[in-house]
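What the coordinates show
Chain by chain, the residues run as shown.
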Amino acid sequence: IEVEYLNYEVVADEGWNLDDDDLFEKAADGGFDPADYGRFHVAENESLLEAAENEGYAWPFACRGGACTNCAVAVVEGEMPSPASHILPQELHDRGIRLSCIVAPESDAKIVYNVKHLPEVHDLLL
Ligand code: FES
């Protein structure tokens, strides 16, 4: 399973929006550093956060247990079900926000990481 990722700081710096239809096309053409934009594979039994770390990327986290939202990502495309227990309000979950420490993609996916800087998520930070 392959994940295409983009740093939310790039989205904010460029003045883009998470729901831009061409968000990942713009990212692919942007010449960004591999830490900010790229793709990696997620192995079985790996969380999304672990997969990023195994690629050498330092994505934000704190609790690693679904209790703090520091590791939040926005799923733009793909299936990434959450386990039953996590701290996210239903409204954010419905908008595709996930906690990378406790989810793994079930299909190829496009995700924006670092969305703890998104105002709605930032308000929840513990
Ligand atoms: Fe705390 Fe993922 S690191 S919820």
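Throughout, a residue's number is its position along its own chain's written sequence, starting from 1. pLDDT decides what is reported in this predicted model: residues at 70 or higher carry local features, side-chain atom pairs at 80 or more are listed and counted, and totals for whole chains, interfaces and linings draw on all residues regardless. Think of the side-chain values as coming from all heavy atoms in the structure, minus any hydrogens and water.

1. Considerations on the side chain of His93
Starting at the N terminus, helices and strands are each numbered in turn, a helix being any DSSP run of H or I of at least four residues and a strand any DSSP run of E of at least two. As for its placement among the helices and strands, His93 is situated in helix α4 (residues 90-94). On the accessibility criterion, His93 (17% relative accessible area) is buried. Contacts of His93, omitting those with residues within four sequence positions, involve Ser82, His86 and Arg98. Only protein chains enter the accessibility calculation, which uses a 1.4 Å probe. A residue is then buried if its area is under 20% of the maximum for its type, exposed if over 50%, and partly exposed in between. The contact criterion used throughout is that any non-hydrogen atoms of two residues lie within 4.5 Å.

2. Quick word on the packing of aromatic side chains
Stacked, tilted and edge-to-face are the three classes applied to pairs of Phe, Tyr and Trp rings, where Trp contributes its six-membered ring and a pair requires centres within 6.5 Å; stacked means planes under 30 degrees apart, edge-to-face means over 60, and tilted covers the rest. Across all of its chains, the model carries 7 aromatic pairs by this definition. Among the aromatic residues, ring-to-ring pairing joins Tyr5, Phe40, Tyr57, Trp59 and Tyr113 into one connected group. Only lysine NZ and arginine CZ atoms are considered, and such an atom sits over a ring when it is within 6 Å of the ring centre and within 35 degrees of the ring normal. Lying across the ring of Phe61, Arg64 places its NZ or CZ 4.6 Å from the centre.

3. Remarks on the sheet that holds strand β5 (residues 109-113)
Across the sheet, which stays open at both edges, the 5 strands sit in the order β2-β1-β5-β3-β4 with mixed pairing between neighbours. Strands with a single pairing partner mark the edges of an open sheet, and in this sheet they are β2 (37-41) and β4 (97-99). Averaged over all neighbouring strand pairs, the angle between strand axes comes to 35°, with direction disregarded. Note: strand β3 (residues 72-77) against β4, 3 bridges, orientation antiparallel. Considered in β4, the bridge of Ala72 is made with Leu99. Any two strands between which DSSP finds at least two bridges are classified as paired. Angles here are taken between N-to-C directions and fall from 0 to 180 degrees, while the axes themselves are lines fitted to C-alpha atoms, restricted in helices to the stretch in contact.

4. Focus on a negative patch on the surface
By definition, no residue in a patch forms a salt bridge, and every one has over 30% relative accessible area; like charges are joined within 9 Å, nonpolar side chains (Val, Leu, Ile, Met, Phe, Trp, Tyr) within 5 Å. Where accessible areas are quoted, they stem from the Shrake-Rupley method and a 1.4 Å probe; at the residue level, only the protein chains shown are allowed to cover. Salt bridges, as used here, are contacts in which a Lys or Arg side-chain nitrogen is within 4 Å of a carboxyl oxygen on Asp or Glu. Positive charges come from Lys and Arg, negative ones from Asp and Glu, while His and the chain ends are left out of the count. Note on charges: their place is set at NZ of Lys, CZ of Arg, CG of Asp or CD of Glu. Taken together, the side chains of Asp19, Asp21, Glu25 and Asp29 make up a negatively charged region of the molecular surface. With respect to the helices and strands, Asp19 occurs in the loop between α1 (8-14) and α2 (23-28). Take Asp19: its relative accessible area is 65%, and that puts it in the exposed class.

5. Focus on the nonpolar core
Of all hydrophobic cores here, the largest spans 38 residues; its most connected members are Leu6, Phe40, Leu48, Trp59, Ile97, Ile111 and Val112. Only β1 (2-7), α1, α2, β2, α3 (48-54), β3, β4 and β5 provide two or more residues apiece to this core. Dropping the residues within four chain positions of it, Leu6 is found in contact with Val11, Trp16, Leu23, Phe24, Ala27, Asp36, Tyr37, Ile111, Val112 and Tyr113. The set of buried Ala, Val, Leu, Ile, Met, Phe, Trp, Tyr and Cys residues whose side-chain atoms join them within 4.5 Å is what this entry labels a nonpolar core.

6. A word on the pattern of salt bridges
All told, the structure shown has 9 salt bridges when counted by the stated rule. Its salt-bridge partner being Arg39, residue Glu2 comes within 3.2 Å of it at the nearest N-O pair. Of the two residues, Glu2 is situated in strand β1 and Arg39 in strand β2; the sequence distance between them amounts to 37 residues. With its nearest N and O atoms 3.6 Å apart, the salt bridge here joins Lys26 to Asp22. Note on Asp22: relative accessible area 36%, which makes it partly exposed. Several salt bridges share partner residues, and in doing so they unite Glu2, Glu4, Arg39, Glu77 and Lys110 into one network.

7. Notes on the pairing of β1
With 5 of 6 residues buried, β1 is to be regarded as a mostly interior element. Pairing geometry for β1 and β2, over 5 bridges, is antiparallel. When the sheet's bridge partners are listed, Leu6 is paired in β2 with Tyr37. With 5 bridges connecting them, β1 and β5 associate as parallel partners. Bridging from a neighbouring strand, Leu6 pairs with Val112 of β5.

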